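# Architecture at a glance
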Amino acid sequence: MAASKEPDSLSCSICLDILQIPVTLHCGHSYCMKCVNGYWDQEDRCGVYSCPQCRHTYIPRPVLNKNTVLADLAGKMSPEEEEEQEKQQQPTPPVKDEVDPVDVECDVCTAKKLKAVKSCLVCLASFCATHLQPHYVSAAFKKHKLVEVSACIQEKICSKHDKLLEVYCRSDGQCICLLCVMDEHKGHDTVSAAAERKEKQCSGDAALDQNEKAYTEIVQMADKRRCTVRELIRVQETAVVSRAEALVDRLQKDISELRKGEDELKQLSLTEDHIHFLQSCQSIFDCPEPDEWSDFDILLHRPFDFVTKKISILRDKMENMARDIAEISQTFQADPDPETRQEFSLYSCRLSLDPNTAFENLLLSEGNSRVTWIKKAQRYPHHPDRFTKYEQVLCTEGVCGVCYWEVEWRGPRVEVAVCYKGAWLDESGFGYTDQSWCISLSNVGCTFWHSGIKTKVSTHCSSTVGVYLNHKAGSLSFYSVSDSGQMMLLHRVHTTFSQPLYPGFMVCRGASARIMSSK
């Protein structure tokens, strides 16, 4: 058997052509500068770069310089050609490792925190490109699961057992760890998180398919009804035209008979023979009278009564279909609220306090995201929207759709509210009309207010409260958010919202509230 031929030492193993602007890596393998840069640019290396042949890894990305010896061996180009080719083959700038405000920091870096590129669900930590390297090269980390960087990786951990949440309890509708399955969820209907997601996703796809099928059937039914009614109208139209033509013929004959009698009477009126006149005119007066014209109207309109009746029946059926569709819509709107803080954060909205509404003893700061009660009255200019009776302030933005925001509060008492915007606001405090909904927070407990009715909330609220609004579904929920990110429902409202809602706050003496920025 003939021995296999070794690749030419002057050929690039990527493009299999003669080396163009050759570069040599520290492992000894050489490539075209354009080829190796393209190889590293095509895939997300997460800060780790490897040799295409021996898989030797480099951190950070190597700076490539032309191997002049190989360039001489491969053949020289003109200086102009080399300069142009080097410009075309410059590497893509490496990914910055510096941490921006929105980035997640590496949990291992000590002196200078670098940007994390991956999170590990086994280590429960996030790593920069340098500290992630052992997960790629060491067999000890082979079974570790790397995921996209997450700023809230602790939310994936069971607060009771400090284990990864990887099981879903269908009985209680929540994510749990393996120890929970053997503890308080023993005997419950549990499946893996992946299996539950697949089932819910399939269920959603099936619902979409069923919705499309139902819509198609409704359209086809409506089209069929439309064609039927159109055919009925055409049939009845033909019948009415035929009857109208028969009536016209009959009327023309009646008119001819009347004219004939009229002519005979004119001739008879000229005779001087009285006996002949009396004998002849009697025969003319005895002629049958023509039918009344009311018959004509009846024959024209009666056929379309059937069409009108059919259209009425069709309208009733379409109204029934519309009610069925409305019930389906209500079913979708009744879907449960998000469960985890991460899911709520998907609906985060940006809010800012409106200086034109702030009470004179309320100081706005931190870019109009914090409101603090101070003893000295502020010299705010006059504005028709300003609160003058109550220590309240509104946000500039009105919210609708699905929105979520969080508020950090301090002090003896703070009220977090939503309301319609109008001139009535200064006449009463939040929660005392049917156009505002308010939860009052204090160190001794919390209460919910609406239309002047007080509802005691049994759950203690933490220093952070979350507000979730599904405007179209008429759902408004207040949550207590713990330091670990656990969501505890304080109170939920089901109603119908007719206008955009404006978030607002009432801050008592010595208290403050801050709208937390979305993560």
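Residues numbered from 1 in each chain as written. Predicted model: local features only at pLDDT ≥ 70, side-chain atom pairs only at ≥ 80, totals over all residues. Heavy atoms only, no water.

Time to look at the sheet that holds strand β6 (residues 125-127). Read from one edge of the open sheet, three strands run β6-β5-β7, paired in antiparallel fashion. The strands lining the two open edges of the sheet, one partner per strand, are β6 and β7 (146-147). Summarising the sheet, strand β5 (residues 118-120) and β6 pair through three bridges and their orientation is antiparallel. In the sheet register, S119 faces β6, and the bridge partner there is S126. Lying on the sheet, helix α4 (residues 129-137) is in contact with β5, β6 and β7; it crosses β6 at an angle near 105°. (Pairing = 2+ DSSP bridges. Helix = DSSP H or I, 4+ residues; strand = E, 2+ residues; numbered from the N terminus. Contact = heavy atoms within 4.5 Å. Axes fitted to C-alpha atoms, helices over the stretch in contact; angles between N-to-C directions.)

To continue, consider the pattern of salt bridges. Counted by the stated rule, this structure contains 11 salt bridges. The partner of E148 in a salt bridge is K118, and the shortest N-O contact between them spans 3.4 Å. One end of the pair, E148, is in the loop between β7 and β8 (167-169); the other, K118, is in strand β5, with 30 residues separating them in the sequence. By relative accessible area, E148 is classed as exposed at 58%. In this structure, the salt-bridge partner of E196 is R170, at a minimum N-O distance of 2.7 Å. Of the two residues, E196 is situated in helix α6 (residues 193-269) and R170 in the loop between β8 and β9 (174-176); the sequence distance between them amounts to 26 residues. It is possible to trace a salt-bridge network through shared partners that takes in R170, E196, E199 and K200. (Salt bridge = Lys/Arg side-chain N within 4 Å of Asp/Glu carboxyl O. Buried < 20%, exposed > 50% of the residue type's maximum accessible area, 1.4 Å probe, protein only.)

What follows concerns unusual backbone geometry. The residue L124 is not glycine, and still its phi comes out positive at about 55°. By the element assignment, L124 lies in the loop between β5 and β6. Residue N368 is not a glycine yet carries a positive backbone phi of 60°. Accessibility expressed as a relative area gives 26% for N368, which makes it partly exposed.

Looking now at a nonpolar patch on the surface. Judged by side-chain polarity, L346, Y347 and V402 come together as a nonpolar surface patch covering roughly 290 Å² of accessible area. Structurally, the position occupied by Y347 is in the loop between α9 (341-345) and β11 (362-365). (Patch = residues over 30% accessible without salt bridge, like charges linked within 9 Å, V, L, I, M, F, W, Y side chains within 5 Å. Areas by Shrake-Rupley, 256 points an atom, 1.4 Å probe, with all protein chains shown as cover.)

Counting 50 residues, the largest nonpolar core has W405, V416, W437, L476 and F505 as the members making the most contacts within it. A per-element tally of this core places strand β15 (residues 413-419) first, with five residues. Sequence-distant contacts of V416, defined by excluding residues within four places in its chain, comprise V407, W437, C438, I439, L441, V465, V467, F478, G504 and F505. Judged by nonpolar contacts, the second largest core, of 17 residues, contains I21, M33, C35 and Y39. (Core = buried A, V, L, I, M, F, W, Y, C linked by side-chain atoms within 4.5 Å.)

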